[in-house]
Amino acid sequence: MASLSVKPGQRFTVPDWQNNSLLISTDAEQQRFNSHHIRQEGRALRNETGNQARWDEHNSRTCLKDRIGSVDRWRKALAKCLTDIDLEIDALTKVKEAAENALQAKNLCLDVAIECLTFRESRRDIDVVRDPVEEELLREVKVIEKTKKELQKRVDDAFKQLCLLKEARQQLSCDHRHKVETLELDQQCMSFNPTSGNISFKVNPTRIPDGTTALHEWEQNSKCNKDRAEAEMRASTDLRGAITLTIAQTNNELDAQRIATEFALRKRMRDMEGALSELRWQEQNTLDEIAEMEEEIRQLEEDIRKRTLDLKVAHTRLETRTYRPHIELCRDQAQYGLTDEVQQLEGIIRALQQKRTESQDALDALYRQLHRIQTDIGYKTNSLQLDNKCMDTRKKLVVPVEKFDPEVDAVSRTRNLPRNSQLEL
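Residues numbered from 1 in each chain as written. Predicted model: local features only at pLDDT ≥ 70, side-chain atom pairs only at ≥ 80, totals over all residues. Heavy atoms only, no water.

In the nomenclature of an unreviewed UniProt entry, the protein corresponds to Tektin from the organism Irena cyanogastra. A UniProt comment under Sequence similarities (unreviewed entry) is attached to the protein, and it reads "Belongs to the tektin family." Comment text from UniProt for the protein, heading Subcellular location (unreviewed entry), reads "Cytoplasm, Cytoskeleton, Cilium axoneme". (UniProt positions renumbered as here; feature names shortened; annotations may be inferred.)

Following this line, the structure appears as structure tokens:
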């Protein structure tokens, strides 16, 4: 007699089996919901941080453009001032030479007057008289000596004014050279982008370098240099006028030389079957969610990489600007903008890294859930195969399983090329 074979081990009830399937489905849906929630948060964070990073970079670039424009305007103003002061030095030198020539010419007049007086000393007896001729000759000698003193004073004043003009020009030239260097550095900063080969992290790029000046100090320094040069040029122009007038007056008084001097000045002003089918559906959806989460993690890592490159750009710009010379090393709007950008990018990267960690944890949970689903699918697949064998034995129950960019003109004060006048002491 055949006996009933019973497989040893624990036996579960149908409700247990159904509850197990329901629990797996519920857990899978909850995991997908959590994953979807995290993915949406990650997508929103990527959008927000991406927009913030782009805006910060745009703001920094705008500040750099404005700064370049401001420095360039001062550079042009100083260049024009340098041109004008070179012209003024040339003009004053020529006027000084004219005064020296006029002074030298007075010697002949004095010699002639003295000679005339000497000749008249040869008079004899009653003719040795103080007549109008002698009085005019004595007056001429006094006038000549007076004009010589005036001309000598003008020559001395011109020499002192040339020294002041040279000193002002030296300060202008130094300031102009520093602004040219600053423009090159800021334009180099403008050229930096995430694909630049020379960007890198810097040590404490947001530090305030020694010697940093405030923006108003920078502007005041350039304004003082320009104002001083303009003041010296005005004084020089006035002096040239006085010298020319003195020469003209002395020449008119002595009828020895006439000099006509004209003056003119110009200015310019100027940058994201049944339980088996459900499990497969859950598996597929979980696989899809895993794929989306993996893509999301790749996107987060790509955003981290991009923001890291942006941070390298900002670090490099800050570090590069620390080499601005002297008074140019000021805390301008570009410096504040780059510092804010570094702080924003560091916060963005931390947020992205945190979200990547959360996403990776969610991905790990999805893989664990996928393993649980696939394990249960294996169990159910094996159960289905066993049921098929039973069907083949008893010849019944078919269970379908489906799945669904010179010359100086004394009047116009213009020239072809600037040149340096050397002051001889």
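On we go from here.
It is worth spelling out the packing of aromatic side chains at this point. All told, the structure shown has zero aromatic pairs when counted by the stated rule. The ring of Trp-218 carries Arg-67 above its face, with NZ or CZ at 3.8 Å from the centroid. (Phe/Tyr/Trp six-rings, centres within 6.5 Å; stacked < 30°, edge-to-face > 60°. Lys NZ or Arg CZ within 6 Å of the ring centre and 35° of its normal.)

This next bit is on the pattern of salt bridges. For the structure on display, the rule yields 27 salt bridges. Across the salt bridge formed by Arg-372 and Asp-27, the nearest N and O atoms sit 2.8 Å from each other. Salt-bridge contacts for Glu-57 lead to Arg-61; the nearest nitrogen and oxygen are separated by 3.1 Å. Of this pair, Glu-57 and Arg-61 both sit in helix α1 (residues 14–120), separated by four residues, roughly a single helical turn. Given the relative accessible area of 22%, Arg-61 is considered partly exposed. Ionic contacts of the salt-bridge type, sharing partners, join the residues Arg-67, Asp-186, Arg-321, Arg-324 and Asp-332 into one network. (Salt bridge = Lys/Arg side-chain N within 4 Å of Asp/Glu carboxyl O. Helix = DSSP H or I, 4+ residues; strand = E, 2+ residues; numbered from the N terminus. Buried < 20%, exposed > 50% of the residue type's maximum accessible area, 1.4 Å probe, protein only.)

Attention now goes to the UniProt feature "coiled-coil region" (unreviewed entry) in the protein. As recorded in UniProt, the feature "coiled-coil region" (unreviewed entry) lies at residues 134–161, 276–310 and 342–369. Segment residues 276–310 splits into 100% helix and 0% strand. End C-alpha atoms: 49 Å apart. The distance from the first to the last C-alpha atom of residues 342–369 is 40 Å, and the span holds 100% helix and 0% strand.

With that settled, the discussion passes to the nonpolar core. Within the largest apolar cluster, 22 residues are counted, with the highest numbers of intra-cluster contacts made by Ile-85, Leu-92, Leu-165, Leu-172, Ala-229, Ile-243 and Ile-247. The set of elements that each furnish at least two residues to this core consists of α1, α2 (132–191) and α3 (215–254). Considering each element in turn, this core owes the most residues, 10 residues, to α1. Core analysis: the second largest hydrophobic core is formed by 13 residues, Leu-300, Leu-318, Ile-349 and Leu-352 among them. (Core = buried A, V, L, I, M, F, W, Y, C linked by side-chain atoms within 4.5 Å.)

Here we come to unusual backbone geometry. What you tend to see is this: most non-glycine residues have negative phi, and most peptide bonds are trans. Positive phi values are uncommon outside glycine, yet Asn-204 reaches one of about 50°. Here Asn-204 is to be found in the loop between α2 and β1 (213–214). The exposure class of Asn-204 is partly exposed, given its relative accessible area of 44%.

Attention shifts here to the confidence of the model for the protein. For residues with low pLDDT, the predicted coordinates do not support detailed interpretation. With 79% of its residues at a pLDDT of at least 70, the protein reaches an overall mean of 78. Counted against residues more than four places away or in other chains, residues 256–272, with its pLDDT under 50, gives 56 contacts. Ignoring residues within four places in sequence, the model shows residues 396–425, a span with pLDDT below 50, making 64 contacts including any to other chains. (pLDDT = per-residue confidence, 0-100. Contact = heavy atoms within 4.5 Å.)

Another aspect to go through is the side chain of His-315. Its location among the elements puts His-315 in helix α4 (residues 275–321). Take His-315: its relative accessible area is 6%, and that puts it in the buried class. Apart from the residues within four sequence positions on either side, His-315 is in contact with Ser-200, Phe-201, Lys-202, Pro-205, Val-342 and Glu-346.

Topologically, Lys-96 is positioned in helix α1. Residues Lys-96 and Asp-157, 61 residues apart in the sequence, show an inter-C-alpha distance of 9.2 Å. Sequence-distant contacts of Lys-96, that is, excluding residues within four places in its chain, are made with Val-155, Ala-158, Phe-159 and Leu-162.

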